[in-house]
Amino acid sequence: MRTELPTISDTALESLNEAAIAVQSALISRTGEQYELVDLNEVLAKWLELSIEALCSDAVEHCVTGDRSYAFNRHDFERLLKSQPSVNVWEQQHQAVQEIADHQALAVERVA
């Protein structure tokens, strides 16, 4: 089982910085407030972290309950999930039980 966590891509970091620039511009023109880009990047990153935590809770709820009605962006989640290799533990368990039954049948034949 893999344990490493994904990294943030350069494209995502670029998008974050572009968003900070856009927010800085909008705040100056709408409210007259100006924030440093470094501070806006920090605020956006923390806001995104909180959003990721909320989305993870949503993904867990979606997987556990199967209730797809409120799952944000569920189609992409399902598409991405299907693109990953899966191990069907039920199938593995069935195969293991079948192998045990086959070995027991062979043992009975040998004794008889």
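From a predicted model like this one, the values you see are computed outputs, not experimental measurements.

Draft legend 1. Geometry of the overall build of the chain. A count of helices and strands for the chain gives four helices and zero strands. The N-to-C order of helical and strand elements in the chain reads α-α-α-α. Its C-alpha atoms give the chain a radius of gyration of 25 Å, clearly above 13 Å, the size a compact globule of 112 residues would have. Counting only C-alpha atoms, the chain reaches 95 × 30 × 20 Å along its principal axes. Going through the 112 residues of the chain one by one, you find that 9% of them count as buried. Across the chain, the fraction of contacts at a sequence separation of at least 24, relative to all contacts at a separation of at least 6, is 21%. Distance between charge centres in the chain, computed from 8 positive and 19 negative side chains, equals 7 Å.

Draft legend 2. Structural context of the environment of Ala12. Note on placement: Ala12 falls in helix α1 (residues 10–31). Linking Ala12 and Ala107, residues 95 residues apart in sequence, is a C-alpha distance of 60 Å.

Draft legend 3. Examining the pattern of salt bridges more closely. Evaluation of the coordinates by the stated rule reveals two salt bridges. Among the salt bridges present, the one from Lys46 reaches Glu42, with a minimum N-O distance of 3.6 Å. Separated by four residues within a single helix, Lys46 and Glu42 lie in helix α2 (residues 37–65), roughly one turn from each other. Here Asp76 and Arg79 are joined by a salt bridge, their closest N and O atoms 3.2 Å apart. Residue Asp76 and its partner Arg79 are both found in helix α3 (residues 74–82); the two are separated by three residues, about one turn of the helix.

Draft legend 4. The arrangement of α2 in detail. Spanning 29 residues, α2 covers 41 Å between terminal C-alpha atoms, matching the ideal 42 Å at 1.5 Å per step. Where α2 is buried, its residues meet α1 and α3. Just downstream of α2 lies Gly66, where phi reads positive at about 75°.

What counts, and where the lines are drawn
Residues numbered from 1 in each chain as written. Predicted model: local features only at pLDDT ≥ 70, side-chain atom pairs only at ≥ 80, totals over all residues. Heavy atoms only, no water. Helix = DSSP H or I, 4+ residues; strand = E, 2+ residues; numbered from the N terminus. Rg over C-alpha atoms; globule rule 2.2 N^0.38 Å. Buried < 20%, exposed > 50% of the residue type's maximum accessible area, 1.4 Å probe, protein only. Contact = heavy atoms within 4.5 Å. Lys, Arg positive; Asp, Glu negative; His and termini not counted. Charge placed at Lys NZ, Arg CZ, Asp CG, Glu CD. Salt bridge = Lys/Arg side-chain N within 4 Å of Asp/Glu carboxyl O. Expected span 1.5 Å × (residues − 1).

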